[in-house]
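Here are the chains, one letter per residue:
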Amino acid sequence: MKKLTQLSLVFIMIAILGQSCKKKGGPEPGEGEATETGISKLSLSASADEIQVGHPISFSVEADEVPITDATIYVNGNAIEGYTYQFEKKGSYEIVAKKEKHQDSQSLEIKAFKFEIYVAGVEAIGSAENLSQVPKFWINGKDTTLIEGDFQLLEPRIYVQGDDIYITGNKFPSPSISEAVYWRNGEETLLSSNGTSNDIAVSGNDVFVAGAKQDEAALRAVYWENSVERTLETPEGFSSLASSIQVIGEDVYISGRLIAANSESKAVYWKNGVLSELGSGTGNAGANTIFVSGDNIYVGGSEAGLAKYWTTSSETVLSADETTGDVNSIFVDENVVHAVGRTGQ
């Protein structure tokens, strides 16, 4: 009897060890694998994780590495027909596949985006004798009036972040008054009743505007951070103005120019308020635009009538021989420099 009991214990231990080994070495339930209850889990994939609004995106479903053609796809909880879909609005969407006697698939996040063209400017209305200038912006050709009445808006700049539209410009209620302003979704913010706003950038919830303000002595380059004015370094004997601004992390980059008493000018930029001069000194120069890519700072403008851009270590002339020009906007993508401006004789 004692021997029998010992043998029984041995068999029981072997059985327990056998079950433990089987569980340890067996597959874990996952995408496309049978679960402990024998129900397979669906595995969902998409042809893209980002898609333009109005363009088709396709899905595929598997279970146990076998294609499933009769699952139902849900977009934000709503069932669709088939495995192809077109988003009608931009945004982020959750996609899940479901089928009877199967576990739901993992969820996918698909972002739908929309290409839109934004333009800010002024529309001239009326005859030459009674001409009215109406500040507006256009989205894909559809116009929206910023302010009613006869105002001049000089060289407006536009910046779009998400669904918010920011526009900066100079408003002239009368020939002798220049107001630095910007609009966010049509709501106006006055920055200065005696200044100019030339460019705008947005970083997170912070709004940065570059421009200039007239004080008792001269025109001074300034920028506003959330409407708080900050004066930029200007050497004694010079006026200055800020033309373009870009914010990267905690760093603020601004292009502009210094103007001497004899009206000669120098192209400059500021990084976090510290002034750096550009150009070879061959003639009047000015910086109109700035772009930061990696460790390189690109500044576009003109010198001695020639369109050119500068980096921290070099300069490049864009004007052809015997032509004048100016760079008004610059953009860098994978070390390729794209510049927009004008040329002439």
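Placed above this text is the structure.
As the structure is a computational prediction, the values presented were derived from the model and not from experiment.

Draft legend 1. How the structure looks around the overall build of the chain. A tally of regular secondary structure across the chain gives 1 helix and 30 strands. In the chain, which comprises 345 residues, the share counted as buried stands at 36%. Sequence-distant contacts in the chain: of pairs separated by 6 or more residues, those separated by 24 or more amount to 33%. Per element, the accessible surface of the chain, about 20300 Å² overall, is 49% carbon and sulfur.

Draft legend 2. Region of the structure containing the sheet that holds strand β8 (residues 91-98). Here we have 5 strands laid out as an open sheet, ordered β2-β9-β8-β5-β6, and mixed in their pairing. Each edge of the open sheet is held by one strand with a lone partner, namely β2 (50-52) and β6 (78-79).

Draft legend 3. Representation of the environment of T145 in the model. In this fold, T145 is placed in strand β12 (residues 142-145). Take T145: its relative accessible area is 31%, and that puts it in the partly exposed class. A C-alpha to C-alpha distance of 9.3 Å links T145 and V122, two positions 23 residues apart in sequence. Excluding anything up to four places from it in sequence, T145 contacts V134, P135 and K136.

Draft legend 4. Representation of the side chain of S105. With respect to the helices, strands and loops of the structure, S105 is situated in the loop between β8 and β9 (108-113). Assessed through its relative accessible area of 8%, S105 is described here as buried. Separated by 2.9 Å, the side chain of S105 and the backbone nitrogen of A97 make a polar contact. With residues up to four places along the chain from it excluded, the contact list for S105 reads K41, L42, S43, L44, V96 and A97.

Draft legend 5. Quick look at the environment of S255. Looking at the secondary structure, you find S255 in strand β22 (residues 251-260). Classification of S255 as buried rests on a relative accessible area of 0%. Considering only alpha carbons, one finds S255 and S244, 11 residues apart in sequence, at a separation of 5.2 Å. Setting aside residues up to four positions removed in sequence, S255 forms contacts with L241, A242, S243, S244, V268, Y269, W270, A287, N288, T289, I290 and V299.

What counts, and at which threshold
Residues numbered from 1 in each chain as written. Predicted model: local features only at pLDDT ≥ 70, side-chain atom pairs only at ≥ 80, totals over all residues. Heavy atoms only, no water. Helix = DSSP H or I, 4+ residues; strand = E, 2+ residues; numbered from the N terminus. Buried < 20%, exposed > 50% of the residue type's maximum accessible area, 1.4 Å probe, protein only. Contact = heavy atoms within 4.5 Å. Areas by Shrake-Rupley, 256 points an atom, 1.4 Å probe, with all protein chains shown as cover. Pairing = 2+ DSSP bridges. Polar contact = N/O pair within 3.5 Å; in protein donor to acceptor, adjacent residues only side chain to side chain.

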